[in-house]
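Understanding the architecture of this molecule
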Amino acid sequence: MWVNRYCDIQVEKPIYIDDYQSLEGLSETELIKALKNSIRKIDRKDIEKIGIIIDIDNCSEQERLNFVDRCIKQVFESETLSSTKQFVDICTDYGTNAKLACYFTNVGGKGELETLLKAIKAKNSPYADCLDSWKTCLESQGKEINQKDFDKFWISNYIRYDTCSNQEQKQAGRKCTMSGFDYVMKHKKEIWDWNNPALDDLKDFFKLFC
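Since the structure is predicted, the reported quantities are computational estimates derived from the model, not experimental observations. (Residues numbered from 1 in each chain as written. Predicted model: local features only at pLDDT ≥ 70, side-chain atom pairs only at ≥ 80, totals over all residues. Heavy atoms only, no water.)

**Remarks on the sheet that holds strand 4 (residues 77–78)**
A sheet is described by the order of its strands in space; here 4 strands give the open sequence 3-6-5-4, paired in mixed fashion. The open sheet has two edge strands, strand 3 (49–55) and strand 4, and neither has a second partner. As paired elements, strand 4 and strand 5 (residues 88–91) share 2 bridges and run antiparallel to each other. Bridging across to strand 5, E77 finds its partner in C91. (Pairing = 2+ DSSP bridges. Helix = DSSP H or I, 4+ residues; strand = E, 2+ residues; numbered from the N terminus.)

Structure below.
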């Protein structure tokens, strides 16, 4: 995921980020293309800081750092990216400088956005929680669903059935799904626990952009 346009997590004050680009799938090709798209704005001094947020999935932090570092070095002159939540200097072919940092979405060193959202849910979630019984039933029938897909299904049910009002249900595709996530984050902030410790690292990352 290429950085959010804005983040209304209350760290000290809201952090507004000027622009974002969403990757169409995580690959070196897509990340390199996104970085190249930022060159003109850097050279115009419209961008001073760049943040990259991608899911850690089942990779190690070092594997993800190596992945991002390879992409950066194909676009900019830069220092080696050796840690998350820490800026490195990058330079375009025209000698214009900017700073870049990255963060890997995770809970306990694994997972993705849905894993984090599940950890910070703030409302009762009977519809989503009952999926545990469904998962157990699947396993008893010799079937499996991996944790990544299960977390996505859990969040889908939490948003669609546990937190969507009757009025919103009339426009469920736009207001009660991950495809309508912009609406969910803008109008249903209360369904997430913004003080959950699982967000502490992400908050530290966003503080870099204050």
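**Here we look at the pattern of salt bridges**
Enumeration according to the criterion identifies 15 salt bridges in this entry. Between R44 and D46 there is a salt bridge whose closest N-O contact spans 2.7 Å. Judged by relative accessible area, D46 falls into the partly exposed class, the value being 42%. We note a salt bridge from K85 to D201, for which the minimum N-O separation is 3.1 Å. On the criterion of sequence distance, the pair formed by K85 in the loop between strand 4 and strand 5 and D201 in helix 11 (residues 200–207) is long-range, its members being 116 residues apart. (Salt bridge = Lys/Arg side-chain N within 4 Å of Asp/Glu carboxyl O. Buried < 20%, exposed > 50% of the residue type's maximum accessible area, 1.4 Å probe, protein only.)

**A look at the side chain of N157**
In this fold, N157 is placed in helix 7 (residues 147–162). Engagement of the side chain of N157 in a polar contact is seen with the backbone oxygen of F153, the distance being 2.9 Å. With sequence-adjacent residues up to four places away left out, N157 is seen in contact with A128, L131 and D162. (Polar contact = N/O pair within 3.5 Å; in protein donor to acceptor, adjacent residues only side chain to side chain. Contact = heavy atoms within 4.5 Å.)

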